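So you can see what is in the structure, the chains are spelled out below.
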Amino acid sequence: AMRARVRSLIGCLLAGLALAAGVSAQPAGLPSELFVLTNEGIVQRYGVNFAGGTAVTPESLYVLDFGVDQPGERLAFRTEEGLRVAGLSGGEGVPLDDNASAPPFRGAGRTIVWSPGGGGLAYTTLGGLRVYLESGGPAVFIDLGEGLFQNLSWSPGGVYLAAETPEHIWWIYKRDGDQMVLASVIPSSVGTAWVSGSEIVFAPAEGGLSLMNLAAGNAQTVLLAGNI
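Summarised in this report is the structure supplied together with it.

Right, let's get into the overall build of the chain. The helix and strand tally for the chain stands at 1 helix and 19 strands. Within the chain, buried positions represent 38% of all 228 residues. In the form shown here, the chain has an accessible surface area of approximately 12300 Å², with 55% of it arising from carbon and sulfur atoms.

Okay, structure coming up:
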């Protein structure tokens, strides 16, 4: 451990000397594509290997928020006129929901999220959240109003959806066919992480870490004791 700290200090000193001598290090580049919403309401796509930004939404549409599906093939974005879905080659796409409302909070959390398989899309609204489900028939839209949400996340298998309020209360829903039913509530957590298709780790405000198994009656296991 001491040797590692010494090597780290030496590395910092050499970097400082290089900068002082006017030597600039080559940046590492992006490990994957990056999507950014600009102040002008345009979604830009940045590629790997220092590729510059490319607009993937038209300048004529002011985008409020967006979400990219897991394969990196579809973009869902919301304007004041509703929610649209487009390919990543650009264009206005096709309307999905003309009554998509608007995100109650901006600049924090994920407000539009695709399920891993692409068969579900969840987005925050001024009344809670709305879920679009592909069912093989007519489109299914479900409104859930247990709170105002600022952050959404699907479980790896797309069965569960976690939604966070600004008070750090997490509501967890389960997809049951063409319905979303309440599966659990975490009354206090400053963060969560899915570790499997039915297991979620959460960090209570009082400290520590706990694991909840939603497939086992919401059984909880303390992974790290808190401060109290």
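Here we come to the pattern of salt bridges. Evaluation of the coordinates by the stated rule reveals 6 salt bridges. A salt bridge links Glu-33 to Arg-45, with the nearest nitrogen and oxygen atoms 2.9 Å apart. Placement of the pair is Glu-33 in the loop between helix H1 (2-20) and strand S1 (34-37) and Arg-45 in strand S2 (residues 43-46), with a sequence separation of 12 residues. Note that Arg-130 is salt-bridged to Asp-143, the shortest N-O span being 2.7 Å. Taken together, the residues Arg-130 in strand S10 (residues 128-133) and Asp-143 in strand S11 (residues 140-144) connect sequence positions 13 residues apart. Sharing partners across several salt bridges, the network here consists of Asp-69, Arg-74 and Glu-134.

Spatial ordering of the open sheet is given by S16-S17-S18-S19, a layout of 4 strands whose pairing is antiparallel. Edge positions in the sheet fall to strand S16 (192-194) and strand S19 (219-224), since each has one partner strand and no second. When strand polarity is set aside, the average angle formed by the axes of neighbouring strands in this sheet is 25°. With 4 bridges joining them, strand S17 (residues 199-202) and strand S18 (residues 209-213) adopt antiparallel strand pairing.

A separate point is the nonpolar core. Counting residues in each nonpolar core, the largest one holds 16 residues, and the members touching the most others are Leu-129, Val-131, Leu-152, Leu-161, Tyr-173 and Met-180. At the level of elements, S10, S11, strand S12 (151-154), strand S13 (160-164) and strand S14 (170-176) are the ones that each hand at least two residues to this core. When residues no more than four places from it in sequence are discounted, the contact partners of Leu-129 are Tyr-123, Thr-124, Ile-142, Asp-143, Leu-144, Phe-149, Leu-152, Leu-161, Ala-163 and Tyr-173. Grouped together as the second largest cluster of nonpolar side chains are 10 residues, Trp-170, Ile-172, Ile-186 and Ile-200 included.

Quick look at the side chain of Thr-79 now. Following the sequence through the fold, Thr-79 ends up in strand S5 (residues 74-79). At 3.1 Å, the side chain of Thr-79 forms a polar contact with the backbone nitrogen of Glu-81. In this view, Thr-79 contacts Leu-61, Tyr-62, Val-63 and Leu-64; residues no more than four positions away in its chain are not counted.

Our focus in this paragraph is the sheet that holds S13. The 4 strands are arranged S12-S13-S14-S15 in an open sheet whose pairing can be described as antiparallel. The outermost strands of the open sheet, each flanked by one partner alone, are S12 and strand S15 (179-186). Neighbour-to-neighbour, the strand axes of this sheet turn through a mean angle of 25°, independent of strand direction. Of the pairings in the sheet, the one linking S12 to S13 comprises 4 bridges and is antiparallel in character. Bridged to Asn-151 within S13 is Glu-164.

Scoring rules and cut-offs
- Residues numbered from 1 in each chain as written.
- Predicted model: local features only at pLDDT ≥ 70, side-chain atom pairs only at ≥ 80, totals over all residues.
- Heavy atoms only, no water.
- Helix = DSSP H or I, 4+ residues; strand = E, 2+ residues; numbered from the N terminus.
- Buried < 20%, exposed > 50% of the residue type's maximum accessible area, 1.4 Å probe, protein only.
- Areas by Shrake-Rupley, 256 points an atom, 1.4 Å probe, with all protein chains shown as cover.
- Salt bridge = Lys/Arg side-chain N within 4 Å of Asp/Glu carboxyl O.
- Pairing = 2+ DSSP bridges.
- Axes fitted to C-alpha atoms, helices over the stretch in contact; angles between N-to-C directions.
- Core = buried A, V, L, I, M, F, W, Y, C linked by side-chain atoms within 4.5 Å.
- Contact = heavy atoms within 4.5 Å.
- Polar contact = N/O pair within 3.5 Å; in protein donor to acceptor, adjacent residues only side chain to side chain.

Everything listed here is a matter of geometry and, on its own, says nothing about what the molecule does.
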